[in-house]
Amino acid sequence: METFIAQLLNGLSLGSIYALIALGYTMVYGIIQLINFAHGEVLMIGAYAGYFAVTILKLNFFAALLFAMVVSALFGMIIERIAYKPLRRSTRLAVLITAIGVSLFLQNGGLQVFGTDYISFPQAIPRVTYKFLDGNVTITSHQILILLVTIAMMLILQYIVQKTKIGKAMRAVSYDKDAALLMGIDVDSVISVTFALGSALAAVAGVLLGMYYQTIHPLMGVMPGLKAFVAAVLGGIGIIPGAMAGGFLLGIIEALVSGYWSTTFRDVVVFGLLILILIVKPVGLLGKDTREKV
Amino acid sequence: MKRNNILVGILLLALYLIVELGIRTGIIEPFQQVNLFLMGINIILAVSLNLIVGFTGQLALGHAGFMAVGAYVSAVLTLKLGQPYLLAIFAGAFAALIMGIIIGLPTLRLKGDYLAIATLGFGEIIRGIIVNIDYIGGAAGINGIPKYTNWTWLYLFTLFTIFAVKNFVNSTHGRACIAIRDNEIAAETMGINTTYYKVLAFSLGAFFAGIAGALYAHYFFLIQPVTFSMQKSFDALVMVVFGGLGSITGSILAAIAVTFLNAALINLGALRMVIYAMLLVIIMVFRPQGLLGTKEFTFRTLLRLKERGTANAKD
């Protein structure tokens, strides 16, 4: 029982990070049907921005987080402008290959600029371990922080998407891009804002990931990015609550597999889950079947 | 047309003999030989990936994974079970084909780009599984695989791949794949079973990647899970895009060029991939069909170019 609770807590913190990444994937997918492969790299840039904000600019944790979000948001918007916007009318394949290209560019550019070493991430918040259940289950202040920040971000995102004008425009564009255009919505700027929002969330995930593993690396975004996509598919791609649920679920499954079975099988199980969900319920847990429009 | 075929045959035989002679006499040095082998393997990878990405229009990023399947299955057969090499190659290739069907069937029957992520994930699954099996060396890999691959084997299988893909593309099945690439809904309306053809092209591509893996394992005699990283899959994609989505000769030329470039830029490290990635994006933005597009590089185009050249000279 103690192992179960301990792994559940681990899974919740890891899952909240996945959920944050998955939100960015799902928002971009919902609006332009593109798997933004570079999303994991935006996360990496956010983590490095947070690192420099703490070490060089001497900012406190929350200011550093904000700084990372702004840097990543700008990055996301620039990527969209330079690489994806010129391809708005090309084939899906061309856009996907571009996304891969951007991702590779940032990965290797990161290796070139930041070096190939793991950098230890500054502990901007003191690490305190709380014990309970006779000391068998521990929870760190970082895990609590990860969970709280994630929930705060989700609430903010939910507010933006549901209650603000730009959120309404985003939902309209994702529902029907052409009709939205006819209604006078500036589709291009809505897409830009979507990338900015998703990238800012990725930056949060990056900083939290840096705290969770205590190191950062130019390729740190690759695996979490891929897994978060699995989480997005698990919850139903294009559906915001789906990404949250999928992220938490995936994190918990991953933690349980590492706890009870083997850490080396963790990735196998995660991607096996993707294949399984595509066989059983391809629209995802919260997705509804939609008829295809020709 | 017949005369053309004979001409091609003679040229191919001449190429084989020249290189064989070069290796025997030592004119082609060991370093160049390694690059020559990598070139052949890259050609197989690029041409077979082009069948999936270029001709059928499905983005697959798991070629390294299929290569790993081919490499490990064939290595186990020759090294541990003492089976003949030819059997090992085909067993490896068929294992990759079956993996292709397992991955392709659930993902390709859906609309959307699930294949890209599933194949990326597949590469990781394969590596994760290999690391966990002690029989095949785990993370340390298999060492001491007999070095069966020589120039003859490589040349034969490279040609086999090229001609098989070429004939497939020019057959009814290939036409169906091209129709799916150009417009999936229209193809479906014309009565093409899109899932069947997508899975067919994908698993066939996996089959050849398996062959490439088997050849690789029996040349470098050491295979490890890290050998078949995502980077290898991306390398193959770079070749396909540079050469042209839907051009076999383009893939061949690109594979040759990229092999040379890799050897020349070996000291650049990560910068090499930065350059490739940038080219990838630039090509997609300005020439989404790849450098050669769907055009094939033939003797006829050469002749036509020459004619045009002489015509221009007359003016």
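Residues numbered from 1 in each chain as written. Chains lettered and ligands numbered in written order. Predicted model: local features only at pLDDT ≥ 70, side-chain atom pairs only at ≥ 80, totals over all residues.

Quick look at the overall build of chain A now. Along its length, chain A carries 11 helices and four strands. Since a compact globule built from 294 residues should have a radius of gyration of about 19 Å, the 19 Å found for chain A is in line with a globular shape. Contacts in chain A between residues at least 24 apart in sequence constitute 75% of all its contacts with a sequence separation of at least 6. (Helix = DSSP H or I, 4+ residues; strand = E, 2+ residues; numbered from the N terminus. Rg over C-alpha atoms; globule rule 2.2 N^0.38 Å. Contact = placed C-beta atoms within 7 Å.)

Another aspect to go through is the overall build of chain B. Broken down by element type, chain B carries 13 helices and two strands. Burial statistics for chain B: of 315 residues in total, 49% are counted as buried. Pairs at least 24 residues apart make up 80% of the contacts formed inside chain B by residues separated by at least 6 positions. (Buried ≥ 20, exposed ≤ 12 C-beta atoms within 10 Å, placed from the backbone.)

Once that is clear, we can look at the interface of chain B and chain A. How big an interface is tends to be stated in terms of the accessible area lost upon association of its parts. Contacts between the two partners involve 35 residues from chain B, matched on the other side by 37 residues from chain A. Ranked by residues supplied to the side of chain B that touches chain A, first place goes to helix α5 (residues 114-132) of chain B with 13 residues.

Along the polypeptide, B:F297 turns up in the loop between α12 (270-286) and α13 (299-314). With residues up to four places along the chain from it excluded, the contact list for B:F297 reads B:T249, B:G250, B:L253 and B:L292.

Another aspect to go through is the packing of helix α2 (residues 30-55) of chain B against helix α11 (residues 248-264) of chain B. All names here are of chain B. Two elements in contact, α2 and α11, have axes whose closest approach is 8 Å; the angle formed by their N-to-C orientations is 140°. The orientation of α2 with respect to α11, classified from their angle, is oblique. Considering the relative orientation of α2 and α11, their crossing is right-handed. Here N35, L38, M39, N42, I43, A46, V47 and N50 of α2 come into contact with α11, specifically with I248, S251, I252, A254, A255, I256, V258, T259 and A263. Here the residues of the contact of α2 with α11 are counted per class, giving 12 nonpolar, five polar and no charged. (Axes fitted to C-alpha atoms, helices over the stretch in contact; angles between N-to-C directions. Parallel < 35°, antiparallel > 145°, perpendicular 65-115°, else oblique. Left-handed = near helix turned anticlockwise from the far one by under 90°. Nonpolar A, V, L, I, M, F, W, Y, C, P; charged D, E, K, R; others polar.)

Here we come to unusual backbone geometry. Residues and elements named next belong to chain A. For Q33, which is not glycine, the phi torsion reads 50° and is therefore positive. With respect to the helices and strands, the residue Q33 is situated in the loop between α1 (2-32) and α2 (39-55). For Q33, a count of 16 C-beta atoms within 10 Å translates into the label partly exposed.

With that out of the way, let us pick up helix α6 (residues 165-175) of chain A. Residues and elements named next belong to chain A. Those residues of α6 that fall on the buried side of the exposure criterion are A169, M170, V173 and S174. Down the axis of α6, the buried set is contained in an arc of 130°. They therefore lie on one face. Exposed residues lying more than 90 degrees from the buried face of α6 are K165 and Y175. Of the surrounding elements, those touching the buried residues of α6 are α1, α5 (141-163), α7 (177-182) and α8 (187-213). (Arc of directions from axis to C-beta.)

Residues and elements named next belong to chain A. Topologically, L23 is positioned in helix α1. Expressed as a C-alpha distance, the spacing of L23 and I239, which sit 216 residues apart in the sequence, is 8.6 Å. L23 has contacts with L157, G198, L201, I240, A243 and M244, leaving out every residue within four places of it along the chain.

Moving on, we come to the packing of α5(A) against α8(A). Residue and element names in this part refer to chain A. Between α5 and α8, the least distance of the axes is 10 Å, while the angle of their chain directions is 175°. Of the possible angle classes, the one that applies to α5 and α8 is roughly antiparallel. On α8, the residues that touch H142, I146, V149, M153, L157 and I160 of α5 are L197, L201, V204, L208, M211 and Y212. Here the contact of α5 with α8 is composed, by residue class, of 11 nonpolar, one polar and no charged.

Turning our eyes to something else, we now look at the confidence of the model for chain B. Residues and elements named next belong to chain B. Here chain B averages 86 in pLDDT, and 94% of its residues register 70 or above. For chain B, α13 is the element with the lowest average pLDDT, namely 63, and helix α9 (residues 194-220) is the one with the highest, namely 93. Here the prediction assigns the complex a pTM of 0.87, and the interface score ipTM is 0.83. (pLDDT = per-residue confidence, 0-100.)

In terms of nonpolar packing, the biggest core is built from 206 residues, with A:V204 and A:V230 touching the most fellow members. Ranked by the residues each element gives to this core, the list is headed by α9(B), at 17 residues. (Core = buried A, V, L, I, M, F, W, Y, C linked by C-beta atoms within 7 Å.)

This paragraph deals with the environment of B:T259. In this fold, B:T259 is placed in helix α11. B:T259 sits 220 residues away from B:M39 along the chain, and the two C-alpha atoms are 5.7 Å apart.

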